[in-house]
Amino acid sequence: MSDAGTAVGEGGRDHIRDVIRDDVAAGRVGTVVTRFPPEPNGHLHIGHAKSICLNFGVAREFGGRCHLRFDDTNPVKEELEYIESIQRDVRWLGFDWGGHLHFASDNFEQLYDWAEHLIGAGKAYVDDLSADDIRAHRGTLTEPGRDSPYRDRTAEESLDLFRRMRAGEFADGARVLRARIDMASGNINMRDPVLYRILHAPHPRTGDDWCLYPTYDFAHGQSDAIEGVTHSLCTLEFADHRPLYDWLVENLPVPSRPRQYEFARLNLSYTVLSKRKLVQLVEDGHVGGWDDPRMPTLAGLRRRGIPPAAIRDFVRRIGLTRSDSMVEVGVLEHCARELLNKTALRRMAVLRPLKVVIENYPEGETENLQAVNNPEDASAGSREVPFSREIYIEREDFMEDPPRKFFRLAPGREVRLRYAYFLTCREAVRNDAGEVTGLRCTYDPASRGGKSPDGRKVKATLHWVSAAHAVAAEVRIYDQLFTRPDPGAGGDILGDLSPQSVDVLRECRLEPSLADAVPGEPVQFPSVHAHSPGGRRFRPWPALAAEPILAAGLAVLPDGGPG
RNA sequence: UGGGGCGUAGCCAAGCGGCAAGGCAACGGGUUUUGGUCCCGUGAUCGCAGGUUCGAAUCCUGCCGCCCCAGCCA
């Protein structure tokens, strides 16, 4: 275990680890080899984190290895940019593939040879039917399919055609290579699935070398076999493909015999994890980009200040099963809070400033007070915070006519200024419109540090910032992107977008030490009772986890859940 | 009416024939220089109905419900 939460790779007990344990115990596999196989057509999100933690975690637990393999078989959708970002995100999450960076495209030549092998064995044929005709022949869920008129053409003819497909003689969609399996199978994936299609498109890695590309089904299992993957772990929707996966691996002279096992994909409340929908959010400008703090992408979570160890802990907690489930975001938020509470530095920041003049504090004087960096961690030390006659406190920490349950400042009431002094409100200052523009207060010089010598108590502790020393900043408060736990379930995803999921506060005042904040290092603003843009009150913590581009005057507040 | 999966508390999830782990959430109470943290306390007879058994969430049968599959996407 390194930092709080789970160490990289720590796993539990589940149906997949049970199988692997048995395989190892029975001597069926020597070195356990897994792989995380993203298609480079989008950014990784929290759902992928589940698979990444599983694959890399299992490899580590069993002393094996995990490969990072890009399933780059569809050049029309894939881009180099994603190949880079995916590697960066996997590393950020805390995993390392060593020298095992692979690409399905590394195997294109071998896969092509195996396709010819299948043709030669009478187990695959070139079909001239159009995509529409193939669909029409496929049958339905309850009716068997019909043979293509080209299904029985000779191996020689298919081979000739297949070679000419590679040579570029035909247009996209003109012909495909199909496996000859069973058009009457109840499993539609076995009704002569397409193995190769013509695509005159440049590939991010192989350029113009090919004009026909293998489908996922033809590339995945064979790539596993080439790499020596022993346990090919994927989500439930591929369970239907397992018979095909097995059929191919059994009918081809592959160097090893991988096995596929499935687990349920992650569903998180109040967000969407489908690549198509995430792309839509980005492309239609509903968010600032893939790394918008409201996005469930790893890049977005990172900007929101959620540490990778919190994500690993989250994955460990939600378990691994074969049953569909919807995990509440609260679990993720809890993991982030728990870790951040132990590690984040505390700093004072006033989001909506209200000027306070301490009338009995000497004019022009400044003193430095000691403030603890993290009450949960003494080794984090302390810092000095300047204090003076004029300070800012949170506007909402004062109420002229407070209700029963309001414990903070009000006329005549005494509270504590964190790490400073006890403060008593004498009166509110108003402008012509009658709005409170400031407070006149007095302090108790004997309460320096926040302790009352006579033992009297106060019901609240306020955060504050010295007016003359404060750093001006913009703070953004983010809330959930969607208004319902199951976005889109009522029809349109866009209709469930929260009308205002971000609030930009431009008048914030931060304590001076924040000017030196390390970008990306989470910071907590104790006692900030942030409100979501929609008015919902966040828990008083955690307040900020920064992408602190504080240099640019920006800080980010992570979701806090309803308070 | 085809094939493949799944059904244990609000949400996850252990359990694999012997008297239903744990986590999150929620609700009480205590501590507290964060209305945070921390601490203590509070919840299920296991989709339904039969059957087998001394005994079943765990075995059998039949229902019911939910998810996935008809891309030349992955």
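For the structure itself, consult the block above.
Residues numbered from 1 in each chain as written. Chains lettered and ligands numbered in written order. Predicted model: local features only at pLDDT ≥ 70, side-chain atom pairs only at ≥ 80, totals over all residues. Heavy atoms only, no water.

Caption draft 1: Expanded view of the protein's contact with RNA strand B. Surrounding RNA strand B, one finds 66 residues, the nearest of these being T73, R346, F407, G449 and H529. Counting only atoms of RNA strand B within 4 Å of the protein, the fraction found in sugar and phosphate groups is 62%. In the model, a phosphate oxygen of RNA strand B is placed 2.6 Å from a nitrogen or oxygen of the T73 side chain. Contacts to RNA strand B include Q524, whose side-chain N or O atom sits 2.8 Å from a base nitrogen. Residue assignment for the surface near RNA strand B shows that the elements contributing at least two residues are α5 (131–137), β6 (194–198), α11 (308–318) and α12 (329–343). (Near = heavy atom within 4 Å. Polar contact = N/O pair within 3.5 Å; in protein donor to acceptor, adjacent residues only side chain to side chain. Helix = DSSP H or I, 4+ residues; strand = E, 2+ residues; numbered from the N terminus.)

Caption draft 2: The nonpolar core, seen in detail. Of all hydrophobic cores here, the largest spans 49 residues; its most connected members are I46, V90, L281 and F314. Of all elements in the fold, only α2 (46–61), β2 (65–70), α3 (80–93), α9 (275–283), α10 (298–303), α11 and α12 reach the threshold of two or more residues within this core. Counting residues in hydrophobic clusters, the runner-up holds 34 residues, among them L177, I198, Y213 and A219. (Core = buried A, V, L, I, M, F, W, Y, C linked by side-chain atoms within 4.5 Å. Buried < 20%, exposed > 50% of the residue type's maximum accessible area, 1.4 Å probe, protein only.)

Caption draft 3: Spotlight on the pattern of salt bridges. Taken as a whole and assessed by the stated rule, the structure comprises 45 salt bridges. For the salt bridge of E109 with R166, the shortest nitrogen-to-oxygen distance reads 3.0 Å. Of this pair, E109 sits in helix α4 (residues 108–120) while R166 sits in helix α6 (residues 155–166), and the two are 57 residues apart along the sequence. Given the relative accessible area of 29%, R166 is considered partly exposed. A salt bridge links D397 to R408; its shortest N-O distance comes to 2.7 Å. Placement of D397 in the loop between β15 (390–394) and β16 (414–417) and of R408 in the loop between β15 and β16 is noted, with a sequence separation of 11 residues between them. Like R408, D397 is buried. Salt bridges here are not isolated pairs; linked through shared partners, they connect R69, D71, D224 and E227. (Salt bridge = Lys/Arg side-chain N within 4 Å of Asp/Glu carboxyl O.)

Caption draft 4: Here's a closer look at the pairing of β6. Taking burial as the measure, the 5 residues of β6 include 4 buried ones, the bulk of the element. Taken together, the 3 bridges between strand β5 (residues 176–179) and β6 define a ladder with antiparallel strand orientation. Opposite V176, over in β6, you have R197 as the bridge partner. (Pairing = 2+ DSSP bridges.)

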